[in-house]
Amino acid sequence: MTPGADGPPPRRRGRPSRTADTTGPDARTRILEAARTEFAERGYDRTSVRGIARAADVDAALVHHYFGTKDEVFAAAIELSFEPALVIPEVLGGPAEDLGERLARYFIGVWENPVSRAPLLAVLRSALTHEAAAKALRTFVLRRLLERIAAELDVPDPTFRAELAASHMLGIALLRYVVQAEPLASADPEKIIAMVAPTLQRYLGDG
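*Asks:* Which residues make up the environment of serine 126, and what values go with them?
*Replies:* Note on placement: serine 126 falls in helix H7 (residues 114–129). Owing to a relative accessible area of 7%, serine 126 belongs among the buried residues under this scheme. Distance in space between the C-alpha atoms of serine 126 and alanine 40 is 9.9 Å, their sequence separation being 86 residues. Contact partners of serine 126, with chain neighbours within four places excluded, come to Gly43, Tyr44 and Ala133.

*Asks:* Tell me what's going on with the side chain of threonine 47, and back it up with residues and numbers.
*Replies:* Structurally, threonine 47 is set in the loop between helix H1 (24–46) and helix H2 (49–56). For threonine 47, a relative accessible area of 2% gives the class buried.

*Asks:* Residues and numbers for empty space enclosed by the protein, please.
*Replies:* Summed over all chains, the structure comprises three cavities of 30 Å³ or more. When its volume is computed, the largest cavity comes out at roughly 40 Å³. Every residue along the wall of the largest cavity is listed here: Ala104, Phe107, Ile108, Met169, Ile172, Ile192, Val196 and Leu200. Contributions of two or more residues to the lining of the largest cavity are made by helix H6 (99–112), helix H9 (158–178) and helix H10 (189–205). Grouping the amino acids of the lining of the largest cavity by side-chain chemistry returns eight nonpolar, no polar and no charged.

*Asks:* How would you sum up the nonpolar core? Please name residues and give values.
*Replies:* Membership of the largest hydrophobic core comes to 61 residues, with the highest contact counts inside it found for Ile31, Phe39, Phe74, Leu103, Trp111 and Leu200. No other element matches the nine residues that helix H8 (residues 131–150) contributes to this core.

*Asks:* Any details on unusual backbone geometry? Residues and values, ideally.
*Replies:* Residue proline 183 is bonded to the preceding glutamate 182 through a cis peptide linkage, with omega at 5°. Residue position: proline 183 is located in the loop between H9 and H10. You will see that glutamine 180, though not glycine, has its phi angle at about 55°, which is positive. Along the chain, glutamine 180 falls in the loop between H9 and H10.

*Asks:* Break down the pattern of salt bridges for me, with residues and values.
*Replies:* Tallied over the entire structure, the rule returns five salt bridges. Measuring nitrogen to oxygen at the nearest pair gives 3.9 Å for the salt bridge that ties glutamate 33 to arginine 36. With a gap of three residues between them, glutamate 33 and arginine 36 both fall in helix H1, about one helical turn apart. Linking arginine 105 and glutamate 190 is a salt bridge whose minimum nitrogen-to-oxygen distance equals 2.7 Å. Of this pair, arginine 105 sits in helix H6 while glutamate 190 sits in helix H10, and the two are 85 residues apart along the sequence. By relative accessible area, arginine 105 is classed as partly exposed at 35%. For glutamate 190, a relative accessible area of 43% puts it in the partly exposed group. One network of salt bridges, in which partners are shared, links Glu101, Arg105 and Glu190.

Definitions and cut-offs
- Residues numbered from 1 in each chain as written.
- Predicted model: local features only at pLDDT ≥ 70, side-chain atom pairs only at ≥ 80, totals over all residues.
- Heavy atoms only, no water.
- Helix = DSSP H or I, 4+ residues; strand = E, 2+ residues; numbered from the N terminus.
- Buried < 20%, exposed > 50% of the residue type's maximum accessible area, 1.4 Å probe, protein only.
- Contact = heavy atoms within 4.5 Å.
- 1 Å grid on protein atoms, 1.4 Å probe; cavity = no way out; pocket = protein on both sides within 12 Å on 5 of 7 lines; lining within 4 Å.
- Points joined across faces, edges and corners; volume = space filled by probe spheres on them.
- Nonpolar A, V, L, I, M, F, W, Y, C, P; charged D, E, K, R; others polar.
- Core = buried A, V, L, I, M, F, W, Y, C linked by side-chain atoms within 4.5 Å.
- Salt bridge = Lys/Arg side-chain N within 4 Å of Asp/Glu carboxyl O.

Next up, the structure:
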């Protein structure tokens, strides 16, 4: 029987066919949203590319096409929560003397939002026990966020200052949202911002 005459043609190996359901920005967005949910619910170790693809209703080959490895999907899911392209101009755009407050307000705001908090909790928990997750977190928070902010400032040792700022903010996130240590866990976000902002200002705003 000639292939295609009385039935569907044989399925080709490699990339999935380019259909409306599996290509384009909608598919990429579905993959990212599915990845955030999978990492949040299952953690880094138990999340797989196949599981992400299944949740996004796409072929696993398409996940690899857009993002490459599981680590890269993980990093992209972190970036989706922080949205650095939107935030960096906003953080840097105001008076220099208020930089610490703007950065603290942005960071706490991301964690206070239930939609972005869930995958970030998975990131922190996974980073404590899994080197690939820790590397993804380091790469994003330092190089793609804080170092880009510090590089725009007229201060010495911007990388070191960025790391100090990251350690301060991630420490707060760990104690407040993961360990849930009191009284920090139930403190008013505005109180935290008011107390943290001067320290961030000293790290990133003072020459």
